[in-house]
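Fold and contact review
Here is what each chain is made of, one letter per residue.
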Amino acid sequence: MTHPPATTATAPAPTPPAPRRRVGPVVARVVAVLAVLLVLAAAWVAFRVWQAAGALQDARAGLAGVEVDPRAAGTAAADLEGLRAHTSRARDAASDPVWRAAEVVPWAGDQLTAVRVVATAVDDLVRDALPAVDALGAVLDDGLRGPDGRVDVAAVSRGADALRTAAATTAAARDRLDALDPDRLVGPLADPVREAQRTVARADASLGPAARGLALLPGLLGADGPRTYLVLALNSAELRAAGGIVGSITAVRVEDGAVAVVDQRSTDQLRSLDAPVLPLTAEEVATHSDRLGRWVQNSTLTPHFPRTAELVAARWQRDVGGPVDGVVATDPVAIGALVGAVGPLADPAGGTLTGDGFVRAVLREAYLRYPHSLEADAYFADVASSVVAAVGAGGGSTEDLVGALTGAVDERRVRVWSAHGDEQEVLAGTVVGGGFLAPPFAGAAGVFLDDVSQGKLGIDLTTAVTFRDARCDGPSPRVTAVLSLDFRPPPDVATLGRYIAGSPDLGVPLGTLTTTVSVWSPVGAGPVAMRRDGAPVGGASSTLAGRDVQQVASVLAPGARQEVAVDLPLQDGGVTVWTTPTVSSPGVASFRCP
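Here is what the cut-offs are and how they apply
Residues numbered from 1 in each chain as written. Predicted model: local features only at pLDDT ≥ 70, side-chain atom pairs only at ≥ 80, totals over all residues. Heavy atoms only, no water. Helix = DSSP H or I, 4+ residues; strand = E, 2+ residues; numbered from the N terminus. Buried < 20%, exposed > 50% of the residue type's maximum accessible area, 1.4 Å probe, protein only. Contact = heavy atoms within 4.5 Å. Areas by Shrake-Rupley, 256 points an atom, 1.4 Å probe, with all protein chains shown as cover. Polar contact = N/O pair within 3.5 Å; in protein donor to acceptor, adjacent residues only side chain to side chain. Disulfide = S-S within 2.5 Å. Core = buried A, V, L, I, M, F, W, Y, C linked by side-chain atoms within 4.5 Å. Phe/Tyr/Trp six-rings, centres within 6.5 Å; stacked < 30°, edge-to-face > 60°. Axes fitted to C-alpha atoms, helices over the stretch in contact; angles between N-to-C directions. Parallel < 35°, antiparallel > 145°, perpendicular 65-115°, else oblique. Left-handed = near helix turned anticlockwise from the far one by under 90°. Nonpolar A, V, L, I, M, F, W, Y, C, P; charged D, E, K, R; others polar. 1 Å grid on protein atoms, 1.4 Å probe; cavity = no way out; pocket = protein on both sides within 12 Å on 5 of 7 lines; lining within 4 Å. Points joined across faces, edges and corners; volume = space filled by probe spheres on them. Pairing = 2+ DSSP bridges. Salt bridge = Lys/Arg side-chain N within 4 Å of Asp/Glu carboxyl O.

With respect to the overall build of the protein
Along its length, the protein carries 16 helices and 18 strands. Taking all 594 residues of the protein together, the buried fraction comes to 49%. Here the analysis covers contacts within the protein between residues at least 6 apart in sequence; of these, 71% occur between residues at least 24 apart. Total accessible area computed for the protein in this model is approximately 27,100 Å², and 57% of it derives from carbon and sulfur atoms.

Details of the side chain of D377
Following the sequence through the fold, D377 ends up in helix α13 (residues 373-392). Among the polar contacts made by the side chain of D377, one reaches the side chain of Y499 at a distance of 3.2 Å. Setting aside chain neighbours within four positions, we find D377 in contact with S266, T267, D268 and Y499.

Observations regarding the state of the cysteines
Every disulfide links exactly two cysteines, by a covalent bond between their sulfur atoms. On inspection of all chains with the given rule, the structure shows 1 disulfide. Between C472 and C593 runs a disulfide, and the two sulfur atoms are separated by 2.0 Å. Between C472 and C593 the disulfide shows an S-S torsion of about -95 degrees. By sign, it is left-handed. With C472 in the loop between β9 (461-471) and β10 (478-487) and C593 in the segment after β18 (588-592), this residue pair connects regions lying 121 residues apart in the sequence.

Here's the deal with the nonpolar core
Counting residues in hydrophobic clusters, the biggest one holds 59 residues, and the most contacted among them are L461, L483, V517 and L568. Beyond its immediate chain neighbours, meaning those up to four positions away, L483 contacts V447, L449, A464, V465, V517, Q562, E563 and V564. Judged by nonpolar contacts, the second largest core, of 45 residues, contains V118, A173, A203 and L220.

Digging into the packing of aromatic side chains
Here the structure, examined in full by the defined rule, presents 8 aromatic pairs. With 5.5 Å between their ring centres and 40 degrees between their planes, Y370 and Y379 make a pair best called tilted. Note on accessibility: Y370 and Y379 belong to one class, buried. An aromatic cluster is defined as three or more aromatic residues linked by ring pairs; in this entry it consists of F436, F441, F448, W520 and W578.

So, the packing of helix α11 (residues 332-342) against α13
Two numbers describe how α11 lies on α13: the axes approach to 10 Å, and their chain directions differ by 40 degrees. In terms of orientation, α11 and α13 fall into the oblique class. Crossing handedness for the pair α11 and α13: left-handed. Seen from α11, the contacting residues are I335, L338, V339 and V342; seen from α13, they are V387, A390 and V391. The residue inventory of the contact of α11 with α13, partitioned by class, reads 7 nonpolar, no polar and no charged.

What about empty space enclosed by the protein?
Evaluated as defined, the whole model comprises 5 cavities of 30 Å³ or more. Looking at the largest cavity, its volume works out to about 60 Å³. Lining the largest cavity are A241, A242, P303, R412, R415, G434, F448, W578, T579, P581 and G587. When its volume is computed, the second largest cavity comes out at roughly 50 Å³. L273, V277, L292, G293, R294, W295, V296, S299, L311, V312 and R315 are the residues that line the second largest cavity. Elements represented by at least two residues in the lining of the second largest cavity include exactly α9 (291-294) and α10 (305-319). A breakdown of the residues in the lining of the second largest cavity according to their chemical character gives 7 nonpolar, 2 polar and 2 charged.

Section: the sheet that holds strand β16 (residues 561-569)
Spatially, the 5 strands line up as an open sheet ordered β9-β10-β16-β12-β13, and their pairing is antiparallel. With one partner strand each, in any of the chains shown, β9 and β13 (535-536) form the two edges of the open sheet. As defined by bridge partners, strand β12 (residues 530-532) adjoins β16 across 3 bridges and the pair is classed as antiparallel. Within β16, the position partnered with R532 by the bridge is V564.

A word on the pattern of salt bridges
Opposite charge on two side chains lets them pair, provided their charged atoms get close. Under the criterion given, the structure shown has 24 salt bridges. Residue R315 is joined to D319 by a salt bridge in which the shortest nitrogen-to-oxygen separation is 3.0 Å. Placement of the pair is R315 and D319 together in helix α10, with a separation of 4 residues, close to one helical turn. For R315, a relative accessible area of 4% gives the class buried. D567 is paired through a salt bridge with R471; the nearest N and O atoms lie 3.9 Å apart. With D567 in strand β16 and R471 in strand β9, this pair connects stretches of sequence that are 96 residues apart. The buried category is assigned to D567, whose relative accessible area is 12%. It is possible to trace a salt-bridge network through shared partners that takes in R174, D178 and D204.

Digging into helix α12 (residues 358-369)
Within α12, the full set of buried residues consists of F358, V359, A361, V362, L363, R364, A366 and Y367. Among the structural elements, β1 (227-235), α11, β6 (352-353), α13 and α16 (498-501) are those in contact with the buried residues of α12.

Structural notes on the environment of A384
Counting through the fold element by element, A384 comes out in helix α13. With a relative accessible area of 10%, A384 lands in the buried category. Setting aside its immediate chain neighbours within four residues, A384 contacts A233, S248 and T250.

Some thoughts on the pairing of strand β11 (residues 513-520)
The element β11 is extensively covered by neighbouring structure, given that 8 of its 8 residues are classed as buried. The alternating pattern of β11 places L513, T515, V517 and V519 and T514, T516, S518 and W520 on opposite faces, both of which are buried. Judged from the 6 bridges that link them, strand β8 (residues 445-451) and β11 form a sheet pairing that is antiparallel. Bridging from a neighbouring strand, D451 pairs with T515 of β11. Note: β11 against strand β15 (residues 547-556), 8 bridges, orientation antiparallel. If you follow T514 over to β15, its bridge partner there is V555.

Set out below in structure tokens:
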């Protein structure tokens, strides 16, 4: 058997190993490139931070003087272009994409975010808010009224639209700034952030209410149809919580910006009623008695102006008739400022009335000239009507009138109520609405004065509300509010007649000033401790709208002084006290811890 020849197997040649990659040098090069890029990025961000910081520093002085107020627009906007250049430069630097990417870096990113937010927020303020205010200021500077006194309602509407946009922008900027926590920032950055927060918060606090109020003006000025308003002239010679008794009522008709006097009444023509003109609550009767609703003069016993307005409007419609679209109240100090703006007016008694001598002319000289109440009340009504007519006829510059009115609003000497629900809802949240009992002012306290003398001695009383002994730390922070009363009538006050010197039926000598001082706690705060000339004092107590009310008597002989001190709780380090505007002091005082 033949076998095939044997074959010899040849083993395959081994595969040579792959060359080893040299990883180390590649990684090193990548790391080096990344390091260089990071260094360059850090340098670029540092450069951008230097640009933004420099621009913000350049803008700092201008921003410190920002007043978002149309009356100050000429000064605040004079350097507007330069200020805008600085803030735009800061915004551009902080908007760099490399900057934004670096904000993810722990700790350092917080600092970069803060600078960017500040830069964009202040630029929004300078770019959008200040020009709108400046434009509105130009309108107010004699561009709002025609020679006949008619207000340009279309111009008001345009200004309202611009201010609404500016307010919305500023509110958004404030929200972004408020989200920053300066305590997490480095020292050199923390203080500028706090400063920016204060600046924009101040602007927002001015613009928000101004925009809401200005938006109401076209309707209030009769853009949608004629309106009838009652203008109450309060008599500060006989004090009430809101400023003084209602001395006269002037009815004005407003249509498409034109104002005309259509009727007037002295309060002597609206005699006391046997029952309140509107139902009063049990709390109102306990605090004010039914005098609040029976005498139109006493409708200002309440510090809550919407209630005063409702009572007066109801009384007018009952006795005079016709529609009432709103009620406005003001006092002789505010009216005197208007007289100063429109120029001297003919005095119904002869001669002229000027702004400087107005208060004394109507609160003292008139009562010396007219010793009988009917004549004096008629004179007061004629003067109030002539001032309203002069303003409606085009007297005075717009700038001066706006200055007089806004000053009076700041001192709480002007109050406005609307019978239209949508308008009143806005007014209720503003100081011009005078709604002391409204929810927005629940944290405020009240210290009010009501004359008991039944005379006209308020012109001789100097008042002030000051603060001392603040306890800002601890579980119950408090401050002592001090009402000071200084009574300085003329030496012959007792001989000036009953209408000035007061009622002889009070058991005190004629010329003695007797006043009820009422202290209203913040809502829910409970009764407050009171001292009169350093000694604890108590009096009548009641509650109204969640507030505790305490009333004590003040009896001042000629030349006497007195202090009433109350301990008030602090909320967020501060407190606002509403008080009676007198001829010597405004109707508000505020305290804030350092």
